[in-house]
Number of protein chains: 2
Amino acid sequence: MNNYPQASRILLAIDCIIFGFDGKDIKLLLIKRNFEPEKGKWSLMGGFLNADEDLSDGAARILYNLTGLKNIYVEQLETYGKINRDPAERTVSVVFFALIQIDDHDSEAVKSHNASWITLENRPALIFDHEEMVCKAIEHLKYKAALHPIGFELLPEFFTIPQLQKLYEAIYSIPLDRRNFSRKLLSTGLLIDTGSKNSNSTTKKATLYKLDEVRYKEKFHSFWNFMPDSMKQS
Amino acid sequence: MNNYPQASRILLAIDCIIFGFDGKDIKLLLIKRNFEPEKGKWSLMGGFLNADEDLSDGAARILYNLTGLKNIYVEQLETYGKINRDPAERTVSVVFFALIQIDDHDSEAVKSHNASWITLENRPALIFDHEEMVCKAIEHLKYKAALHPIGFELLPEFFTIPQLQKLYEAIYSIPLDRRNFSRKLLSTGLLIDTGSKNSNSTTKKATLYKLDEVRYKEKFHSFWNFMPDSMKQS
């Protein structure tokens, strides 16, 4: 049965933008492509959607193959459909956006894919329209992290307010006022004081917090203003 | 040349969610489907992406065919890719979201497609996963209109603050405080006082404004809080 005889069947790719945070910089997980076209060049992690697989399952499969992680923060970003974006064959690509804690990934899986964590500012030229996808994802991260508590997805289970501040400073490339930032974060009611202090630090010890998972899920779609107002009206 | 011999080629549909405002209600432009499967049932306006057409051009083509309008507000919403979403054949659908001024559409084009403007609350059952798409689009409209000035896309060129308030009340199904709302809107600096008054109204005449198009483009990605805080923290 073919109800749609005139319509074209098209290759459908899934490309994944995977952000991590190492305590200092926001990084991107990129791979050196080991197949044609563009073999040997840098690329996002991707693959094709299988005929017998839901789109979201395809994204989860590709992310799992590279990172060894399941149940990470993933959202669909945008679908890219310029005619000649892949020179080998017309391919439409659905881009997904994932946030992971850099320590969580499976380093074996990463290594076997020729993948590396690279800071945003040092990222190499990417194939096809992948640079455009990355720029869009960075904008999306900035937008979303200003309003929603997604930053927590990039932090380890226990974290300090100064760590959280470093994360936000890395996302926006701006210094933030410590007192205002701390007040805004604590006022969300999403942080649980663990009663412990950070022991790594050689300077003043900072309180370790963890995320209130129940409230996080409840409040995820609320919005706050984590960023200074001056920035948002620009 | 076939660089990707194992990959599946898949039908790619484009479905359009078209919102309009008639001064009182938010409405959706829906069509009665005149082909199988699901002939005679209500559906979003859609079609297939052609092999030789960019994805965004495909969306513009489908929107133009139904409404006769070009250069309207369109954004990509999300791509739907459950395996069995179309019972006739595996089809992945990229959903676009359009806002138009209800008077602008070409009523001939609308009629020839068996299309109708239907209020959100009276919308019929829709085929496939179209209801899910519409729910997502309503959420997106609420989210975006709270933070960005997209509501103007639904209004005629000249409008009054009470009209704008009715639009926001229709989007959120809540009454808004006239004074606060007016203050927030005027503080954006996006409205130009035309010096004229609304002459349709039998009650008190209201000032007619128009949008400052230059500032609108500049400030589109800024964000404001058009909605009461109580709503957003829920």
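What you see is a predicted model; the values in this text were computed from it and never measured.

A. Region of the structure containing the overall build of chain A. Along chain A, the regular secondary structure elements total 7 helices and 9 strands. Going through the 234 residues of chain A one by one, you find that 52% of them count as buried. Counting only carbon and sulfur atoms, one obtains 48% of the accessible surface of chain A, whose full area is about 11300 Å². Separation of charge centres in chain A, based on 30 positive and 31 negative side chains, amounts to 6 Å.

B. Fine view of the domain arrangement of chain A. Residue and element names in this part refer to chain A. Per the domain assignment, the segments of chain A are domain 1 (11-147) and domain 2 (149-219). The gap between the C-alpha centroids of domain 1 and domain 2 is 26 Å. Here domain 1 and domain 2 share an interface that buries about 1400 Å² over both sides, 70% of which is from carbon and sulfur atoms. Along the contact surface separating domain 1 from domain 2 lie 0 salt bridges. In this structure, the connection of domain 1 to domain 2 is made through 4 residue pairs in polar contact (both at pLDDT 80 or more). Tallied by class, the residues present in the side of domain 1 that touches domain 2 amount to 9 nonpolar, 3 polar and 3 charged.

C. A look at the relation of the copies chain B and chain A. Between chain B and chain A, which share one sequence, the superposing operator has a rotation angle of 180° and an axial displacement of 0.0 Å; the RMSD is 0.0 Å. Viewed as a symmetry operation, the transformation between the two copies matches a two-fold axis. A shared interface surface links the copies, since 100% of the contact residues of chain B are contact residues in chain A too.

D. The packing of aromatic side chains, seen in detail. Summed over all chains, the structure comprises 12 aromatic pairs over all chains. Where Phe152(A) meets Phe159(A), the ring centres are 5.6 Å apart and the plane angle is 40°; that geometry is what we call tilted. Ring centres of Tyr168(B) and Tyr172(B) lie 6.3 Å apart, and the angle between their planes is 20°; this geometry places the pair in the stacked category. Residue Tyr168(B) and its partner Tyr172(B) are both found in helix H4 (residues 161-172); the two are separated by 4 residues, about one turn of the helix. Members of the aromatic cluster, joined through ring pairs, are Phe152(A), Phe159(A) and Tyr216(A).

E. Looking closely at the interface of chain B and chain A. Counting residues at the interface gives 47 residues for chain B and 47 residues for chain A. Remark: the boundary between chain B and chain A carries 2 salt bridges. For Glu89(B), the salt bridge identified is with Arg9(A), shortest N-O distance 2.6 Å. Put simply, the parts of the chain that give the side of chain B that touches chain A at least two residues each are strand E1 (9-21), strand E5 (73-80), strand E6 (91-101) and helix H3 (130-147) of chain B. Of all the elements, E1(B) adds the most residues to the side of chain B that touches chain A, at 4 residues. Grouping the amino acids of the side of chain B that touches chain A by side-chain chemistry returns 21 nonpolar, 13 polar and 13 charged. Across 3 bridges, the pairing between strand E1 (residues 9-21) of chain A and E1(B) is antiparallel. If you follow Arg9(A) over to E1(B), its bridge partner there is Leu11(B).

F. Local environment of the side chain of Ser93(A). Within the secondary structure layout, Ser93(A) lies in strand E6 (residues 91-101). In terms of polar contacts, Ser93(A) uses its side chain to reach the side chain of Asp15(A), at 2.7 Å.

G. Broad picture of the pairing of E6(B). Residues and elements named next belong to chain B. Within E6, 10 of the 11 residues are buried, which leaves it mostly tucked inside the rest of the structure. Bridge count between E5 and E6: 7 bridges; the pairing is antiparallel. Looking at E6, one finds that Glu-78 is bridged to Val-95.

H. Up close: the environment of Leu185(A). All names here are of chain A. Among the structural elements, Leu-185 can be located in helix H5 (residues 178-187). When its relative accessible area of 1% is taken as the criterion, Leu-185 is described as buried. In the structure, Leu-185 is positioned 155 residues away from Leu-30 in sequence and 31 Å away in space, judged by C-alpha atoms.

I. Representation of the packing of helix H4 (residues 161-172) of chain A against H5(A) in the model. All names here are of chain A. Interaxial distance between H4 and H5 falls to 10 Å at its minimum, and their mutual angle equals 105°. One element, H4, and the other, H5, form an angle in the roughly perpendicular class. Judged by residue contacts, Ile-161, Leu-164, Gln-165 and Tyr-168 of H4 engage Arg-178, Phe-181, Ser-182, Leu-185 and Leu-186 from H5. Taken together, the residues of the contact of H4 with H5 sort by class into 6 nonpolar, 2 polar and 1 charged.

J. Inspection of the pairing of strand E7 (residues 115-119) of chain A at higher detail. Residue and element names in this part refer to chain A. Here E7 lies mainly inside the structure; 4 of its 5 residues are buried. Here strand E2 (residues 26-32) runs beside E7; their pairing, made up of 5 bridges, is antiparallel. Directly across from Leu-28, in E7, lies its bridge partner Ile-118.

What counts and what doesn't
Residues numbered from 1 in each chain as written. Chains lettered and ligands numbered in written order. Predicted model: local features only at pLDDT ≥ 70, side-chain atom pairs only at ≥ 80, totals over all residues. Heavy atoms only, no water. Helix = DSSP H or I, 4+ residues; strand = E, 2+ residues; numbered from the N terminus. Buried < 20%, exposed > 50% of the residue type's maximum accessible area, 1.4 Å probe, protein only. Areas by Shrake-Rupley, 256 points an atom, 1.4 Å probe, with all protein chains shown as cover. Lys, Arg positive; Asp, Glu negative; His and termini not counted. Charge placed at Lys NZ, Arg CZ, Asp CG, Glu CD. Domains from an automatic or database assignment. Buried area = accessible area lost by both parts, 1.4 Å probe. Salt bridge = Lys/Arg side-chain N within 4 Å of Asp/Glu carboxyl O. Polar contact = N/O pair within 3.5 Å; in protein donor to acceptor, adjacent residues only side chain to side chain. Nonpolar A, V, L, I, M, F, W, Y, C, P; charged D, E, K, R; others polar. Least-squares fit on C-alpha atoms with pLDDT ≥ 70 in both. Contact = heavy atoms within 4.5 Å. Phe/Tyr/Trp six-rings, centres within 6.5 Å; stacked < 30°, edge-to-face > 60°. Pairing = 2+ DSSP bridges. Axes fitted to C-alpha atoms, helices over the stretch in contact; angles between N-to-C directions. Parallel < 35°, antiparallel > 145°, perpendicular 65-115°, else oblique.

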